[in-house]
Amino acid sequence: MEIQTSGKPIDTLLEKVLCMNILSSDYFKELYRLKTYHEVIDEIYNQVDHVEPWMTGNCRGPSTAFCLLYKFFTMKLTVKQMHGLLKHTDSPYIRAVGFLYLRYVADPKTLWGWYEPYVKDEEEFSPGSTGRMTTMGVYVRDLLLGQYYFDTLFPRIPVPVLRQITAHLERLKLPTKHCGVTGESTRHGSDDTARRPPSVKAALSVSFGQRAPHRASTRDSSPAYDRDRSSRDRDRERDRDRDRDKRHHERSGSRHRDSGSRRSRSRSPSRSRSLQVSDQRPSPFRDGSRERPSSSSGVSSNLAKLKDLYGDASEKKGGDGYGGNRGRKDSSTEEVIRLGGSTWR
């Protein structure tokens, strides 16, 4: 006889990201060779060392325990097979996989009937990969009282059913609060958030054959990330100091230039006055009489010499009948030319 289930398909009961990674993992595909219930139990005994949903180490993906748990989902265990799992004496992980199977598949109203004989079980084991030891009874109670399991999500137990479970625990004088052996009671408050892919996108990368982020490379708790962030902060501080010094030098240089320009502007009136004084002084280059010798003195001396040699031509011209006024109007140069002309004739 099969176990009384909730009637919901497993892909709606198991978290979608985890379900996709299980179905796409190479290890789960290898489990197709296991055909019987006992072969799966032997695989759990040989391979499982924790019952977290995700693997630990460099390769992030679904854990071996949850791949084998999903293998049991496909086999639809009977009541007899389930009792065999819960009472198995070879490995506590075989029993833990059986309790997980019931937590996902069984009708919530039947959970207390399955779990009640084991709420005080004293067998010790480590459900997580950290090696933290606990008893099977504490583990079973946390499965009943917790909504989250190592940061994955369990199917919700109806509030009336959860109240009945709490009342049964109180009657047995057992804790009615989550003990934390299966992770924190809320996903955001868990200290183990870095054990699983930090986002749905990172988790889906496993299903496409890519390497999902390892715990040491996650931003939330990675020491390497912290070192990189601190080094980037130091670089920013260094750049700010450099820019501050540069602006300081530029401001100081502009001050020096401004002061120099003010000094030059203060000197400019005196310079202009000196230039005006220098313009008022006589310059040999601006004085035409000093720059070139007088041409009129040279002409008069030559004329005197010619008069001594040839006599006064103006008197002769006057005597020859030429007008005296016209002779006065002629320049000395014309007289020289005329004197020469009369002599050459």
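These figures come from a predicted structure and were not determined experimentally.

Draft legend 1. Looking closely at the overall build of the protein. For the protein, the helix and strand inventory stands at 17 helices and 4 strands. Here the protein holds 345 residues, and the buried ones make up 36% of them. Expressed as a percentage of contacts within the protein between residues at least 6 apart in sequence, the contacts between residues at least 24 apart total 67%. When the accessible surface of the protein is split by element, carbon and sulfur atoms take 50% of a total near 21,800 Å².

Draft legend 2. How the structure looks around unusual backbone geometry. If you check the backbone angles, Lys76 has positive phi at about 55 degrees while not being a glycine. As for its position among the elements, Lys76 is in the loop between α5 (64-75) and α6 (79-86).

Draft legend 3. Structural detail: helix α10 (residues 159-171). Across its 13 residues, α10 extends 18 Å between first and last C-alpha, which sits within 8% of the 18 Å expected from 1.5 Å per residue. Trailing α10 by a residue or two, Lys173 shows a phi angle of about 60 degrees, which is positive.

Draft legend 4. Structural context of the packing of helix α4 (residues 37-47) against α5. Their axes nearest at 10 Å, the elements α4 and α5 cross at an angle of 170 degrees. Overall, the two elements α4 and α5 adopt an arrangement that is roughly antiparallel. Side by side, α4 and α5 meet where Tyr37, Val40, Ile41, Glu43, Ile44 and Gln47 of the first sit next to Thr64, Leu68, Lys71, Phe72 and Met75 of the second. A breakdown of the residues in the contact of α4 with α5 according to their chemical character gives 7 nonpolar, 2 polar and 2 charged.

Draft legend 5. Region of interest: the nonpolar core. Ranked by internal contacts, the top residues of the largest apolar core, which has 62 residues, are Val51 and Phe72. Residue contributions to this core peak at 10 residues, all from helix α7 (residues 92-105). The residues touching Phe72, leaving out its near neighbours within four places in the chain, are Tyr37, Val40, Ile41, Ile44, Leu77, Leu85, Val97 and Tyr101.

Draft legend 6. Inspection of the packing of aromatic side chains at higher detail. Under the counting rule described, the total for this entry stands at 16 aromatic pairs. Considering the side-chain rings of Phe66 and Tyr104, the 6.4 Å spacing of their centres and the 90 degrees angle between planes classify their relative orientation as edge-to-face. With Phe66 in helix α5 and Tyr104 in helix α7, the pair connects residues that are 38 residues apart, well separated along the chain. On the basis of relative accessible area, Tyr104 is assigned to the buried category, the value being 1%.

Draft legend 7. Geometry of α4. Restricting attention to buried positions, one finds in α4 the residues Tyr37, Val40, Ile41, Glu43 and Ile44. Considered in projection along α4, the buried side chains sweep an arc of 160 degrees and stay on one side of the axis. Along α4, the residues that are exposed and aim more than 90 degrees away from the buried face are His38 and Asn46. Close packing links the buried residues of α4 with α3 (26-30), α5, α6 and α7.

Draft legend 8. How the structure looks around the environment of Met1. With respect to the helices and strands, Met1 occurs in the segment before α1 (10-13). Leave out the neighbours within four places in its chain, and Met1 touches Thr78 and Val79.

Draft legend 9. Geometry of the confidence of the model for the protein. Predicted confidence across the protein gives a mean pLDDT of 75, with 62% of residues reaching 70 or more. Contacts for the low-pLDDT stretch residues 189-201, under 50 throughout, to residues beyond four places or in other chains number 30 contacts. Here residues 203-222 is modelled with pLDDT under 50, and outside its nearest four sequence neighbours on either side it reaches 37 contacts, counting other chains as well.

Draft legend 10. Structural view of the packing of α4 against α7. Two elements in contact, α4 and α7, have axes whose closest approach is 8 Å; the angle formed by their N-to-C orientations is 120 degrees. On the basis of the axis angle, α4 is oblique to α7. As for how α4 packs across α7, the hand of that crossing is right-handed. Between α4 and α7, the contacting residues are Ile41, Ile44 and Tyr45 on the first element and Tyr93, Ile94 and Val97 on the second. Among the residues making up the contact of α4 with α7, the classes are represented as 6 nonpolar, no polar and no charged.

Draft legend 11. Seen up close, the pattern of salt bridges. Going through the model one piece at a time under the given rule, you end up with 4 salt bridges. Glu43 serves as the salt-bridge partner of Arg33, at 3.8 Å between the closest nitrogen and oxygen. You can see Arg33 sitting in the loop between α3 and α4 and its partner Glu43 sitting in helix α4, a full 10 residues away along the chain. Between Arg242 and Asp239 there is a salt bridge; the shortest N-O distance is 2.9 Å. With a gap of 3 residues between them, Arg242 and Asp239 both fall in helix α12 (residues 223-280), about one helical turn apart. Exposure remark for Asp239: the relative accessible area of 38% places this residue in the partly exposed category.

Cut-offs used in this document
- Residues numbered from 1 in each chain as written.
- Predicted model: local features only at pLDDT ≥ 70, side-chain atom pairs only at ≥ 80, totals over all residues.
- Heavy atoms only, no water.
- Helix = DSSP H or I, 4+ residues; strand = E, 2+ residues; numbered from the N terminus.
- Buried < 20%, exposed > 50% of the residue type's maximum accessible area, 1.4 Å probe, protein only.
- Contact = heavy atoms within 4.5 Å.
- Areas by Shrake-Rupley, 256 points an atom, 1.4 Å probe, with all protein chains shown as cover.
- Expected span 1.5 Å × (residues − 1).
- Axes fitted to C-alpha atoms, helices over the stretch in contact; angles between N-to-C directions.
- Parallel < 35°, antiparallel > 145°, perpendicular 65-115°, else oblique.
- Nonpolar A, V, L, I, M, F, W, Y, C, P; charged D, E, K, R; others polar.
- Core = buried A, V, L, I, M, F, W, Y, C linked by side-chain atoms within 4.5 Å.
- Phe/Tyr/Trp six-rings, centres within 6.5 Å; stacked < 30°, edge-to-face > 60°.
- Arc of directions from axis to C-beta.
- pLDDT = per-residue confidence, 0-100.
- Left-handed = near helix turned anticlockwise from the far one by under 90°.
- Salt bridge = Lys/Arg side-chain N within 4 Å of Asp/Glu carboxyl O.

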